[in-house]
Amino acid sequence: MKNFNDFSKICIYFLTLLFLLNLSSVYAQWEKIYIDTLAVGAVIPIAADIENDGDIDIILNQITDFNTFAGKIVWYQSPNWIKRNIQDNFGMAKASDLNNDGQSDIITTNISTGEVVWYEYPSWDKHIISTYLRLSLSLEVIDLDKDDDTDIIVIGAKDNKVKIVWYEAPDWAVHTISEDFYSPCFGLKCVDVDLDNDIDIIAPTGDGIFWFEAPAWNSHDIDTLKIGRNIIDIGDIDNDGDIDVLVGESESGRVIYYENPTWSQNVVDWIGGPWGVVLADLDKDNDLDIVVGGQDDDIVCWYESPSWTKYIIDDTLDEASGLCVIDINGDSLTDIVACCLFGSQLVLYKAIETKVNSKDLTPKKPKNLILQQNFPNPFNFSTTIRFQLPRSEYITLKVFDILGNEIETLISGYKSAGDYEISYNENNLASGIYFYILHFGSIIEIKKMILLQ
């Protein structure tokens, strides 16, 4: 009898396991599409709607058809990925509407000549901004002083020092933010680190990781360990309302993030040559996952937050380096574009939904009132707010500024039990901290969100 009972328990265990597996979500699989197989020397792909036609195009810089030294800027025109050469220029690139004509221009550095230039769509006429720095390895385009024009921030070499320089539009006056580095840095991000409504600068270098506080540009340490760091990304990784820093360390192989404001370290994984690290909500569960391109391991993979479970997308991409993560075909699934420093491939990993979660086929009423954190957060112009109602009730959803002034009423009326989401678009408010407040009967739920214009 004992053996029979043990056997029964085993059967019940496996039947239960099978049932749970059938209920569990199957993560999106990936269709590998080759955009180009001659993209030698590509570092970071840029996604932008160049023609303003609703299609996401790809821009590559530091690229050649024949060898790794003849740099070009190449535009891959969606949806057929027609390859168009814009200009010859060996450096980093960004896409932005620099002349406010509603079209995306291309801003680049030139490592060999020291030029910072922009190419005007659609003629691609060349406009030289500066020749002040050499070896410009990092480039950001943002309205740094919030005067409604687009400035350019560059890291490069001058007088045997590595400098961070701000070119102020429209006359491109040169402002030195820092000149204390003695080794180059590849990554650069601009964001309000301390939530004081100023845009600060984060820079990873061989001397450490630092952030520079606007407007005086005082330097603050995030990590002073002298180790190679190729690229970073920023976002609210731990969902506490402030900006954390994700780093790929080329020498150590660590994928690591630092929690603001203490900058405590959290090692996600060790991987061979993490040249590309990107934060994105791949599984649409309102937290930021991590996507990595590992050059030494020829791998593209992602880590699911918050457990950081690893999922391999491709482990055959030779010299995998830079990444961009975006819904490239408008199907609400997040795709990945990856390039190879010396492997010549430009690849689109198209997310494919292969199976519907069976537990979602029969909608169920939520048991509790839930107001989720808006996503993305911080946001620029548009963000999504999701909430769940356990029963029918009169609700209001309103936005307030940090002083308690009501900005806008998003919802006011009776709603049935269920899941809801609403897009909040705001183009007239100043950057800063805001609150959205949900009144559900006598219950009040409050969340903080950050606007970066």
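Attention here is on the structure that accompanies the text. Because the structure is a prediction, the values reported are computed rather than measured. (Residues numbered from 1 in each chain as written. Predicted model: local features only at pLDDT ≥ 70, side-chain atom pairs only at ≥ 80, totals over all residues. Heavy atoms only, no water.)

Let us look at the overall build of the protein. Each helix and strand counted, the protein has one helix and 35 strands in total. With 453 residues in all, the protein has 53% of them scored as buried. Once local pairs closer than 6 in sequence are excluded, the contacts in the protein between residues at least 24 apart make up 42%. For the protein, the computed accessible surface area is about 20600 Å², with 51% contributed by carbon and sulfur atoms. (Helix = DSSP H or I, 4+ residues; strand = E, 2+ residues; numbered from the N terminus. Buried < 20%, exposed > 50% of the residue type's maximum accessible area, 1.4 Å probe, protein only. Contact = heavy atoms within 4.5 Å. Areas by Shrake-Rupley, 256 points an atom, 1.4 Å probe, with all protein chains shown as cover.)

This next bit is on the pattern of salt bridges. Evaluated as defined, the whole model comprises eleven salt bridges. A salt bridge links Glu 115 to Lys 126, with the shortest nitrogen-to-oxygen separation between them at 3.0 Å. Taken together, the residues span a long stretch of sequence, with Glu 115 in the loop between strand 7 (105-109) and strand 8 (116-120) and Lys 126 in strand 9 (residues 125-130) at a distance of eleven residues. In this structure, the salt-bridge partner of Lys 189 is Asp 233, at a minimum N-O distance of 3.8 Å. Taken together, the residues Lys 189 in strand 14 (residues 189-191) and Asp 233 in strand 18 (residues 231-235) connect sequence positions 44 residues apart. Here Lys 189 matches Asp 233 in class, with each residue buried. (Salt bridge = Lys/Arg side-chain N within 4 Å of Asp/Glu carboxyl O.)

Membership of the largest hydrophobic core comes to 35 residues, with the highest contact counts inside it found for Ile 152, Tyr 167 and Ile 290. Every element with two or more residues in this core is listed here: strand 8, strand 10 (134-142), strand 11 (151-158), strand 12 (161-168), strand 20 (254-259), strand 22 (274-280), strand 23 (289-294) and strand 24 (299-304). Sequence-distant contacts of Ile 290, that is, excluding residues within four places in its chain, are made with Leu 246, Val 255, Val 268, Val 278, Leu 279, Cys 301, Trp 302, Tyr 303 and Trp 308. Ile 422, Tyr 436, Phe 440 and Met 449 belong to the second-largest nonpolar core, a separate cluster that totals 19 residues. (Core = buried A, V, L, I, M, F, W, Y, C linked by side-chain atoms within 4.5 Å.)

What follows is about the sheet that holds strand 8. Pairing within the open sheet is antiparallel, and its four strands lie in the order 6-7-8-9. Edge positions in the sheet fall to strand 6 (93-96) and strand 9, since each of these pairs with one other strand and no more. When strand polarity is set aside, the average angle formed by the axes of neighbouring strands in this sheet is 25 degrees. Pairing analysis gives four bridges linking strand 6 to strand 7, with the strands arranged antiparallel. Counterpart to Ala 93 in the pairing with strand 7 is Thr 108. (Pairing = 2+ DSSP bridges. Axes fitted to C-alpha atoms, helices over the stretch in contact; angles between N-to-C directions.)

In this section: unusual backbone geometry. Of the consecutive residues Tyr 121 and Pro 122, the connecting peptide bond is found in the cis state with omega at 5 degrees. In this structure, Pro 122 sits in the loop between strand 8 and strand 9. Following Asn 260, the chain continues into Pro 261 via a peptide bond in cis, with omega recorded as 10 degrees. Although it is not a glycine, Leu 195 sits at a positive phi angle of roughly 55 degrees.

Quick look at the sheet that holds strand 29 (residues 370-371) now. Sheet architecture is open: three strands sit in the order 29-30-33, paired in antiparallel fashion. At either end of the open sheet lies a strand with only one pairing partner, and these are strand 29 and strand 33 (418-425). Examined bridge by bridge, strand 30 (residues 382-389) and strand 33 share eight bridges and lie antiparallel to one another. In the strand pairing of strand 33, Ser 382 is matched with Asn 425.

Tracing the sequence through the fold places Asp 314 in strand 25 (residues 309-314). Among the residues examined, Asp 314 registers a relative accessible area of 7% and is labelled buried. Of note is the side chain of Asp 314, whose polar atom sits 2.7 Å from the side chain of Lys 32. Of the polar contacts made by the side chain of Asp 314, one reaches the side chain of Tyr 349; its length is 2.6 Å. (Polar contact = N/O pair within 3.5 Å; in protein donor to acceptor, adjacent residues only side chain to side chain.)

Right, let's talk about the environment of Gln 345 for a bit. Note on placement: Gln 345 falls in the loop between strand 27 (335-340) and strand 28 (346-352). The spacing of Gln 345 and Ala 39 is 306 residues in sequence and 5.5 Å in space, taken between C-alpha atoms. Apart from residues no more than four positions distant in its own chain, Gln 345 is found in contact with Lys 32, Tyr 34, Asp 36, Thr 37, Ala 39, Leu 317, Ala 338, Cys 339 and Cys 340.

Right, let's get into the pairing of strand 25. With five bridges connecting them, strand 24 and strand 25 associate as antiparallel partners. Within the sheet, the bridge partner assigned to Cys 301 lies in strand 25 and is Ile 312. Adjacent in sequence and paired antiparallel, strand 24 and strand 25 are bridged by four residues, among which Trp 308 carries a positive phi angle near 60 degrees.

Our focus in this paragraph is the packing of aromatic side chains. Applying the stated criterion across every chain, the model contains eight aromatic pairs. Their ring planes at 20 degrees and their centres at 4.8 Å tell us that Trp 302 and Tyr 311 sit as a pair that is stacked. Judged by its relative accessible area of 4%, Trp 302 is buried. Pairing Phe 387 with Tyr 420 gives two aromatic rings, centres 5.4 Å apart and planes at 15 degrees, and the pair type is stacked. Of the two residues, Phe 387 is situated in strand 30 and Tyr 420 in strand 33; the sequence distance between them amounts to 33 residues. A relative accessible area of 24% means that Tyr 420 is categorised as partly exposed. Counting every residue linked through ring pairs, the aromatic cluster contains Trp 75, Tyr 121 and Trp 124. (Phe/Tyr/Trp six-rings, centres within 6.5 Å; stacked < 30°, edge-to-face > 60°.)

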